[in-house]
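Now for the letters of each chain:
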Protein chains: 2
Amino acid sequence: MYNWKELLEKVNDGIAAMSFDRKPAELYAPIRYVLSMGGKRIRPVLMLMAYNLYREDVERIFSQALAIEVYHNYTLLHDDLMDRADMRRGVPTVHKKWDSNAAILSGDSMLVMAYHYMMRDCPAGKLGRVLDLFTETALEIGEGLQYDIEFERRNDVGEDEYIEMIRLKTSVLLAAALKIGAVLADAPDSEAYLLYRFGENLGLAFQLQDDYLDVYGNPEVFGKKVGGDILCNKKTYMLINAYRLADAESRDALDFWVNKADGTFNPSEKIDAVTRLYDKIGIRELCDKKIRFYFEEARRVWEQVQLSGERKGPLWDMAVSLMYRES
Amino acid sequence: MYNWKELLEKVNDGIAAMSFDRKPAELYAPIRYVLSMGGKRIRPVLMLMAYNLYREDVERIFSQALAIEVYHNYTLLHDDLMDRADMRRGVPTVHKKWDSNAAILSGDSMLVMAYHYMMRDCPAGKLGRVLDLFTETALEIGEGLQYDIEFERRNDVGEDEYIEMIRLKTSVLLAAALKIGAVLADAPDSEAYLLYRFGENLGLAFQLQDDYLDVYGNPEVFGKKVGGDILCNKKTYMLINAYRLADAESRDALDFWVNKADGTFNPSEKIDAVTRLYDKIGIRELCDKKIRFYFEEARRVWEQVQLSGERKGPLWDMAVSLMYRES
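(A) Spotlight on the packing of helix α3 (residues 42–52) of chain A against helix α8 (residues 159–184) of chain A. Residue and element names in this part refer to chain A. Here α3 crosses α8 at 30°, and the two axes come no closer than 7 Å. Between α3 and α8 the crossing geometry is right-handed. Side by side, α3 and α8 meet where Ile42, Arg43, Leu46, Met47, Ala50 and Tyr51 of the first sit next to Leu173, Leu174, Ala177, Leu178, Ile180, Gly181, Ala182 and Leu184 of the second.

Printed below as a string of structure tokens:
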């Protein structure tokens, strides 16, 4: 049995060992670049951990673990292009370092490569089931991204809609990573299903945590600047509920900051003011409660998985550490 | 046995019957739009014809035929975005009608849908082989598109490089369509291989024909304006060879037109002048000869397919009609 750190090392070794000897080199350079940016490698490690619940020979599904990381990084590459984000993980994004056509084309090839790795060395008889789940997940993620884009243009996004959007955009990939690991390990269908549901709830808690940390994270460990969502009026769980629950005075104050033209205020002034409004309206507790709700849901599902506590230890520890992360 | 027209009708019916009931509707509207633009549906029909060489129940692989058309249209969608092309088949392209993010995201989902249809109802035991070929083909097409982009920035593109680029960009998909049809029909491996090689050569002839028709096509049937490649100095087979074979005087004249700033000439004046230069240098005959060369190669491979003339009739007729098309 492996712990998180051991599997993370294996994933990083696998990524470092990926060969990009196809031509033209210019098509594959951005792919290599994106994959070398680092990151927590949460999805491939979750897949290996789910597999490791049932089987020891985790190297048997390295290719599938790699596939899910390649896929995830392709979504980041195209997202950054669509968001016109200049930086990721401290370095220029692909469309800044190269250009937008390179980002489109290399991203497209990454998606195809994800399928390539998902199929390569796929344990006998599992190909159809794994690819069906992967494909359905990829469609759902596209749908989540589309909702995300549409919500930016709307002012009446409800909490339920928001939760469904982040479920599609974030949760289903964590869920699929876990389920694919279980399916490849020949776990009973009932448990593969539980692992999917576990991942779905964990993913919701995880994404809400992201919203939370963007406001209340410790700037020294958060990685990106705290308050980024506030500055661009991103319709997060926090902002949606702040509007829903604010009294007339707080709502006016929110409106003031949300509608204030860029350049007419000091960024930290806006971040401080909106954070104080969130505090006053009770958004910090509300978000914290919602994160705990989904984490408890995840735990409830997890407890139904019929394996020994020892067997289940590493994956659970990993889930807890994701919940208590500060970045 | 079906002829081209019957299969085309079946493909068009299949596309018209595709359901887009997933949400959000805004993600799927551009996909429906692109697929409803029409087109010759060459790739799905070729797949059905290859299958029909061996089996009658062509409806068994409709989903795979649809997949290859969805894939092809996804490449057009992203290509038009990368080329900043405003129109296709007489209507605005997706990034003009919607925006570039819609083009990126809907295109991405189309690629995933192509995999979905390729897997759906895939005849037993064929899934791995079909998807491996499809995935390798999609990687090659990305490579061809990258070469195409790079060639635009280079002035020393050789004829061989150009042929390899169009092989990757155009031929391998025709070849893969034919081979997938054969594989799904349980054709002998040797014949599936021959059909691939047949498609590869046919594709080269077909793409060179495109270059040729852009200069020498009949404007009344060509669909797009004759001379488009000349106006934007596209490095086609014609222009590459014109530079290679021109004497000093003709080369100066070519340089004059290629380097003349937009807006300083009447478009038809440039088209006429460059066409006359092509005539003078002997490019028309050269291109015509090259088209015939690849078509003869295709015929040579085709003759090795061990089926009756009657059986082979419809596909061959189709190949001939592609060669003698005027648009």
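And the narrative resumes.
(B) Structural view of the packing of aromatic side chains. All names here are of chain A. One pass over the structure, following the stated rule, counts 27 aromatic pairs over all chains. Ring centres of tyrosine 115 and phenylalanine 134 lie 5.0 Å apart, and the angle between their planes is 65°; on these two criteria the pair is classed as edge-to-face. Placement of the pair is tyrosine 115 in helix α6 (residues 100–119) and phenylalanine 134 in helix α7 (residues 127–153), with a sequence separation of 19 residues. By relative accessible area, tyrosine 115 is classed as buried at 0%. Accessibility expressed as a relative area gives 1% for phenylalanine 134, which makes it buried.

(C) Looking closely at empty space enclosed by the protein. Taken as a whole and judged by the stated rule, the model has ten cavities of 30 Å³ or more. Quantified by volume, the largest cavity comes out at close to 100 Å³. Considering the residues around the largest cavity, the lining is formed by 14 residues, among which Tyr71, Tyr74, Gly142 and Leu145 of chain A together with Asp108 of chain B are closest to the centre. Those elements that provide at least two residues to the lining of the largest cavity are α4 (62–83) and α7 of chain A together with α6 (100–119) of chain B. In terms of residues, the lining of the largest cavity owes the most to one element, α4 of chain A, which gives six residues.

(D) Focus on the nonpolar core. Phe198 and Tyr278 of chain A together with Phe198 and Tyr278 of chain B are the most contacted members of the largest nonpolar core, which has 242 residues in total. Not counting chain neighbours up to four residues away, the residues in contact with phenylalanine 198 of chain B comprise Leu178, Ala298, Val301, Trp302, Leu315, Trp316 and Ala319 of chain B.

(E) Molecular detail of the interface of chain B and chain A. The interface is formed by 41 residues belonging to chain B together with 41 residues belonging to chain A. Both faces combined, the contact of chain B with chain A buries some 3600 Å², and carbon together with sulfur accounts for 64% of it. Summed over the shared surface of chain B and chain A, the number is six salt bridges. Between arginine 22 of chain B and glutamate 136 of chain A there is a salt bridge whose closest N-O contact spans 3.0 Å. Along the contact surface separating chain B from chain A lie twelve residue pairs in polar contact (both at pLDDT 80 or more). For the side of chain B that touches chain A, the secondary-structure elements that each account for two or more residues are α2 (25–35), α4 (62–83), α6 and α7 (127–153) of chain B. It is α7 of chain B that provides the largest number of residues to the side of chain B that touches chain A, a total of 17 residues. Split by residue class, the side of chain B that touches chain A holds 20 nonpolar, nine polar and twelve charged.

(F) View of helix α3 (residues 42–52) of chain B. Counted residue by residue, α3 of chain B has eleven buried out of eleven residues, so it is predominantly covered. Three or more residues of α3 of chain B are buried, namely Ile42, Arg43, Pro44, Val45, Leu46, Met47, Leu48, Met49, Ala50, Tyr51 and Asn52 of chain B.

(G) Representation of the relation of the copies chain B and chain A. With an axial shift of 0.0 Å and an RMSD of 0.0 Å, the rotation relating chain B to chain A amounts to 180°. The two molecules are tied by a two-fold rotation axis, judged by turn and shift. Taken as a fraction of all interface residues of chain B, those also at the interface in chain A reach 100%, which identifies the copy contact as same-surface.

(H) Structural view of the environment of arginine 300 of chain A. For arginine 300 of chain A, the position within the fold is in helix α15 (residues 283–303). Residues arginine 300 of chain A and leucine 81 of chain A lie 219 residues apart in sequence; the distance between their C-alpha atoms is 38 Å.

(I) Layout of the side chain of threonine 236 of chain B. For threonine 236 of chain B, the location among the structural elements is in the loop between α11 (228–231) and α12 (237–245). Leaving out residues up to four positions away in the same chain, threonine 236 of chain B has contacts with Tyr162, Asp211 and Asp229 of chain B.

(J) Molecular detail of the pattern of salt bridges. Residues and elements named next belong to chain B. Considering all chains together, one arrives at 42 salt bridges over all chains under this definition. Across the pair aspartate 186 and lysine 126 runs a salt bridge whose closest N-O atoms are separated by 2.6 Å. Of this pair, aspartate 186 sits in the loop between α8 (159–184) and α9 (189–216) while lysine 126 sits in the loop between α6 and α7, placing them 60 residues apart in sequence. Given a relative accessible area of 54%, aspartate 186 falls into the exposed group. When its relative accessible area of 14% is taken as the criterion, lysine 126 is described as buried.

Reading the values: the criteria
Residues numbered from 1 in each chain as written. Chains lettered and ligands numbered in written order. Predicted model: local features only at pLDDT ≥ 70, side-chain atom pairs only at ≥ 80, totals over all residues. Heavy atoms only, no water. Axes fitted to C-alpha atoms, helices over the stretch in contact; angles between N-to-C directions. Helix = DSSP H or I, 4+ residues; strand = E, 2+ residues; numbered from the N terminus. Left-handed = near helix turned anticlockwise from the far one by under 90°. Contact = heavy atoms within 4.5 Å. Phe/Tyr/Trp six-rings, centres within 6.5 Å; stacked < 30°, edge-to-face > 60°. Buried < 20%, exposed > 50% of the residue type's maximum accessible area, 1.4 Å probe, protein only. 1 Å grid on protein atoms, 1.4 Å probe; cavity = no way out; pocket = protein on both sides within 12 Å on 5 of 7 lines; lining within 4 Å. Points joined across faces, edges and corners; volume = space filled by probe spheres on them. Core = buried A, V, L, I, M, F, W, Y, C linked by side-chain atoms within 4.5 Å. Buried area = accessible area lost by both parts, 1.4 Å probe. Salt bridge = Lys/Arg side-chain N within 4 Å of Asp/Glu carboxyl O. Polar contact = N/O pair within 3.5 Å; in protein donor to acceptor, adjacent residues only side chain to side chain. Nonpolar A, V, L, I, M, F, W, Y, C, P; charged D, E, K, R; others polar. Least-squares fit on C-alpha atoms with pLDDT ≥ 70 in both.

Scope: geometric values only; no functional claims are made or implied.
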